[in-house]
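Residue-level structure breakdown
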Amino acid sequence: MYTRSHKLVLASAITLALSSISGAVVAESLSVDVAEARQESQISTTYMLSPYLRADDISVSVDAGTATLSGTVEEDVNKELAQQIALGVSGIKTVDNQILVKADYVPSARTSQDRSFGEVVDDATITATVKSKLLWSKNTDGLDIHVDTNMGKVTLHGAAENGAAKELAGRMAMNTRGVVSVDNQLVVEAAKATPKVADVDSEHDTSQDISDGWITTKVKTTFMYSSNVENDDISVNTHEGNVTLSGKVSSGAERELATELAQNVRGVKSVNATALTF
């Protein structure tokens, strides 16, 4: 009797041990699968965000620290970029790069209804940038303007208080990085424009209430967002609302544009661009 009971206890212990080992193996396997799925997602998402790879046909699979890439690209540099991106993901030790390079490869055309994730992000960035520029501008910050972007094409809706404000809004949108066209549907109708706060004292310039630091930051950021101004080569200094620009520009047209962009920022009383040389 004792022997039989002993054997039953031993058998139960072995069964429990095997069950525990089996559960641990399953849990570990699931953990590995989740980690590999995250790695694949991270690599694929980076490809979709990259302006150099988003249009290419690239598939990714990860197994035991090895990322296997397949698909087609137009140039060797794109194949190399895809490999370096994969190697930059934590946990990826090697890359089996099976991507084909075809000089005559043409990515499949997409419509505005089937934008890639990267293009959606780009459009959202453009919309936010245009809205910010309009908000910072002394001539458009009080207007009721709505901005929509699709595949780099910006549409402006709403009301402008005059033709000059409408034209300026369209020009500011067009001069934004990533914008390919602007459909300016603003209606000149002062009654629908959001009224601006009137000055308490007509002799008092409200620009004095805006800090020089804020003005400098917004001017620099406006340059950074501009598609026709090299902001890295332009220094901005502000004193009591008076902005001084210095540095290098490529032409007189770029200097004029930089001056106009700075002048449009709220709080700016004057712009001195004589130190901008080309």
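Worth saying up front: this structure is predicted, and the values here are computed from it rather than measured.

What counts, and where the lines are drawn
Residues numbered from 1 in each chain as written. Predicted model: local features only at pLDDT ≥ 70, side-chain atom pairs only at ≥ 80, totals over all residues. Heavy atoms only, no water. Patch = residues over 30% accessible without salt bridge, like charges linked within 9 Å, V, L, I, M, F, W, Y side chains within 5 Å. Areas by Shrake-Rupley, 256 points an atom, 1.4 Å probe, with all protein chains shown as cover. Salt bridge = Lys/Arg side-chain N within 4 Å of Asp/Glu carboxyl O. Lys, Arg positive; Asp, Glu negative; His and termini not counted. Charge placed at Lys NZ, Arg CZ, Asp CG, Glu CD. Helix = DSSP H or I, 4+ residues; strand = E, 2+ residues; numbered from the N terminus. Buried < 20%, exposed > 50% of the residue type's maximum accessible area, 1.4 Å probe, protein only. Contact = heavy atoms within 4.5 Å. Polar contact = N/O pair within 3.5 Å; in protein donor to acceptor, adjacent residues only side chain to side chain. 1 Å grid on protein atoms, 1.4 Å probe; cavity = no way out; pocket = protein on both sides within 12 Å on 5 of 7 lines; lining within 4 Å. Points joined across faces, edges and corners; volume = space filled by probe spheres on them. Nonpolar A, V, L, I, M, F, W, Y, C, P; charged D, E, K, R; others polar. Pairing = 2+ DSSP bridges. Axes fitted to C-alpha atoms, helices over the stretch in contact; angles between N-to-C directions. Core = buried A, V, L, I, M, F, W, Y, C linked by side-chain atoms within 4.5 Å. Phe/Tyr/Trp six-rings, centres within 6.5 Å; stacked < 30°, edge-to-face > 60°.

A word on a negative patch on the surface
Taken together, the side chains of Glu-74, Glu-75, Asp-76 and Asp-104 define an acidic patch exposed on the protein surface. In this fold, Glu-75 is placed in the loop between strand S2 (66–73) and helix H2 (76–87). According to the relative accessible area criterion, Glu-75 is partly exposed, its value standing at 43%.

A short note on the environment of Asn-272
Along the chain, Asn-272 turns up in strand S11 (residues 270–277). Residue Asn-272 is classed as partly exposed on the basis of its relative accessible area of 35%. The sequence separation of Asn-272 and Asn-242 amounts to 30 residues, and the corresponding C-alpha distance is 7.8 Å. Residue contacts for Asn-272: discarding those within four places in its chain leaves Val-243, Thr-244 and Leu-245. Of the polar contacts made by the side chain of Asn-272, one reaches the side chain of Thr-274; its length is 2.8 Å.

Points about empty space enclosed by the protein
Vacant regions in the atomic arrangement are exposed by a probe of water-molecule size rolled over the atoms. According to the stated counting rule, one finds one cavity of 30 Å³ or more in the structure shown. Within this model, the largest cavity holds a volume of roughly 40 Å³. Every residue lining the largest cavity is listed: Lys-133, Trp-136, Met-172, Thr-222, Leu-261, Asn-264 and Val-265. In terms of residue class, the lining of the largest cavity is built from four nonpolar, two polar and one charged.

Examining the side chain of Thr-238
For Thr-238, the position within the fold is in strand S9 (residues 234–239). Ignoring anything within four residues of it in the chain, the contact list for Thr-238 reads Asp-212, Ile-215, Thr-216 and Val-243.

Description of the layout of surface pockets
What the second largest pocket holds in volume is close to 230 Å³. Looking at the second largest pocket, it is lined by 15 residues, and the ones nearest its centre are Asp-122, Thr-125, Ile-126, Arg-177 and Gly-178. Elements that contribute at least two residues to the lining of the second largest pocket include exactly helix H3 (117–136) and helix H5 (212–225). No other element matches the six residues that H3 contributes to the lining of the second largest pocket. A class-by-class count of the residues in the lining of the second largest pocket yields five nonpolar, five polar and five charged.

Details of the sheet that holds S11
The three strands lie next to each other as S9-S10-S11, forming an open sheet whose pairing is mixed. In this open sheet, the two strands that pair with only one neighbour each are S9 and S11. Going from strand to strand, the sheet's axes swing by 15 degrees on average, the running direction of each strand aside. Here six bridges tie strand S10 (residues 242–248) to S11, and the two strands are oriented parallel to one another. Counted as the bridge partner of Thr-244 is Asn-272 from S11. The sheet strands contacting H5 are S9 and S10, and the helix crosses S9 at an angle near 155 degrees. Taken strand by strand, helix H6 (residues 252–264) contacts S9, S10 and S11, and its axis lies near 155 degrees from that of S11.

A short note on the nonpolar core
Ranked by size, the top nonpolar core spans 18 residues in total, and within it Val-219, Phe-223, Ile-234, Val-236, Val-243, Leu-245 and Leu-276 carry the most contacts. Looking at this core, the elements that each hand over two or more residues are H5, S9, S10, H6 and S11. In terms of residue count, H6 provides more of this core than any other element does, four residues in total.

Some remarks on the packing of aromatic side chains
Applying the stated criterion to the full structure yields one aromatic pair. Arranged with centres 6.1 Å apart and planes meeting at 10 degrees, the rings of Trp-136 and Tyr-225 form a pair that is stacked. Highlighted residues: Trp-136 in helix H3 and Tyr-225 in helix H5, separated in sequence by 89 residues. A residue is classified by how much of its surface remains accessible, and Trp-136, at 9% relative accessible area, is buried.

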